[in-house]
Amino acid sequence: MTASVLSGFAQVHATFNHVWSALMLEELYRLGVRDVVLAPGSRSSPLTMAASEHVGLCCHCHFDERGLGFMALGIARGSHRPVVVITTSGTAVANLYPAVVEANLLGVPLIVLSADRPIELLDNGSNQAIDQRDIFSRHTTVHHDLPAPDAEIKAAFLLSTIDQAVDQQRRTPGPIHINCRYREPLYPGECLVDASDYLAPLGRWLTNSTPWSDWSWGDIQTRATIPALSDVWEAFAQQRGIIIAGSIHDPQQAQQVVALAKQLGWPLLADVQSQLRFDPYNLIHFDLALHDEHFSAELAKAEVLLQFGGRLISKRLTQFIAQQPWQDVWLVEPLPQRLDPDYCVKRRLISSPAEFIAGLPKIPEQAPWHQLGSLQRRTSQFVEEQCAAFSEPGVCHQLAQLAEGQLFIGNSLPARLMNMLGTHRQMPLRVLANRGASGIDGLIATAYGLSCTCSEPTTIVLGDTSALHDLNSLALLKQAAQPLVVVILNNDGGSIFHMLPVPKEGELLERYYRQPHGLNFEYAAKMFGLGYSAPSSLEAFAAAYTQALESGVTLIEVNVPHQQVADDLKALGAAIRGASREL
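Residues numbered from 1 in each chain as written. Predicted model: local features only at pLDDT ≥ 70, side-chain atom pairs only at ≥ 80, totals over all residues. Heavy atoms only, no water.

1. So, the overall build of the chain
Formally: A helix here means a DSSP run of H or I that spans at least four residues, while a strand means a run of E at least two residues long, and both kinds are numbered starting from the N terminus. Between the two quantities, the radius of gyration covers C-alpha atoms and the globule rule is 2.2 Å times the number of residues to the power 0.38. Between buried and exposed lies partly exposed: a residue is buried under 20% and exposed over 50% of the maximum accessible area for its type, with that area taken using a 1.4 Å probe on protein chains only. Residue contacts are counted whenever heavy atoms from the two residues lie within 4.5 Å of one another. When charges are tallied, Lys and Arg are placed among the positive residues and Asp and Glu among the negative ones, while His and the ends of the chain are skipped. One atom stands in for each charge, and that atom is NZ of Lys, CZ of Arg, CG of Asp or CD of Glu.
The number of helices and strands found in the chain is 23 helices and 19 strands. A globule of 583 residues ought to have a C-alpha radius of gyration of about 25 Å, and the chain, at 26 Å, matches this closely. With respect to the three principal axes, the spread of C-alpha positions in the chain is 85 × 60 × 45 Å. For the chain, the residues scored as buried account for 57% of the 583 residues in total. Sequence-distant contacts in the chain: of pairs separated by 6 or more residues, those separated by 24 or more amount to 77%. Put simply, the chain has 42 plus and 58 minus side-chain charges, and the middle of one group is 5 Å from the middle of the other.

2. Here we look at the confidence of the model for the chain
Selection criterion: pLDDT gives the predictor's per-residue confidence on a scale running from 0 to 100.
When the pLDDT values of the chain are averaged, the result is 93; 97% of them are 70 or greater. Low pLDDT (under 50) marks residues 1–7, which in the prediction has 23 contacts with non-local residues, meaning those over four places away or in another chain. Contacts for the low-pLDDT stretch residues 218–225, under 50 throughout, to residues beyond four places or in other chains number six contacts.

3. Overview of the sheet that holds strand β9 (residues 241–245)
Here is the rule: For two strands to pair, DSSP has to find at least two bridges joining them. Axis definition: a line fitted to C-alpha atoms, limited for helices to the stretch in contact. Angles are taken between N-to-C directions and run from 0 to 180 degrees.
Across the sheet, which stays open at both edges, the five strands sit in the order β10-β9-β11-β12-β13 with parallel pairing between neighbours. Of all the strands in the sheet, the pair left with one neighbour each is β10 (268–270) and β13 (347–349). Geometrically, the sheet is characterised by an average inter-axis angle of 15° between neighbouring strands, direction not taken into account.

Below, the structure is given as structure tokens:
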């Protein structure tokens, strides 16, 4: 069967299960899906066959469903399109849970098609049968538990169910779960099923290229989603303000935030997820500069705060926001989520940065009200001195300068280090992270998914424990079409716990929190056929990374003492505070 809108929808299929599967995949294609990720399984065979035979869909495979879900997450984030995930029944579906949670928090459009046993095979000891109804609970935008395919149920029911679910997803971005129950036969037999009579009521749908039902509701205009700003904006903009850039996905929209900050004369504090971290206008070392009492005092003169995007990484910045007696705080965020952990926001504007800025009344350009740039220079000098040595901060600081294309940062220490360090750069660098649930699972698979959508190199920097969590996904990397570099910061366990107020008496820290493993990744690289390097100096790291950008897939392991990063950051903070007190 070839389901192609160019030649019309096929009338003959392997089984009636395949008829329904083909209808769903074709409708999803018409609604914008172009990528499908699949894991092996028997009960999902009708879906797998329909996807593999559809000429408009690109299929990606992985044997590990947990990695599969995160690969889909990466493809969806990179392509800005919904991605279908197909799994067989049982615990295969449960393994998608972490990726579904992350997709829900970040508003990423995954569409999970889980194969399932028919209802009569539940609770009776049938193999690989669990209760999959609403298995993802409150972490999906839409959930449907479909009946088993039946010729007595109209095909239009199935198409309209898909149409409504995708429309709901467009209104409230996040994952969809459609549970697909299939009775045997699951595989093609000697006789094909002629579904022409069953499909005939679909009429023109069989030969055209449009979805069954039109749920178009038009573009939401800025003035419909944002309260009239002409009166309040002029008063807001005349005050001493700061702009904070959180998670922004579109680099072009991020640049509009820079232009607005310049026009207002307000300082810009940009998170590493904002696409503005390395922009020359950003106060790049603000996180560490908050150790400096003079910098903090100058920043505290601000009266109002305008924030674009949520989920800030810097704990020092979020503490500053929480403690400041703001006259007003605005949050511009396209997702209808609160994203306000300290309950400071007074005005929520559900909008993209571009829509918000386009709706603002024009005001004359204002001179900067602050001296934060000159106050930050002292901190930048300490950063350069501290990062001259081979260490986790040194490598991250250098990587921020060397990286090309897109950079995916792991959670735990790498996200914090990349958010503190680095220098301004002229070459654009797209930076992404899974900062919804901020978990350490599925990071390699997510980065691989992102690489599938980009014609430039992709780099992922993550910790050793995170890499061990997703080791299976190293198997995906050999398929990468562009250079892909995996930088693993191996400090032998969870060294971030050295910086957290966890119990440190006796063996508590080592055994129950940090959990050292004594492993390295050289043989993992060999096992999965990847290039490997373990540099022991910054010069060697720069050489290895530069070569990796030109040679397929490479794993670069940075081995450092477990206590070093905590000591380095503690010393850096103390040096900044000490110099501030001497002035």
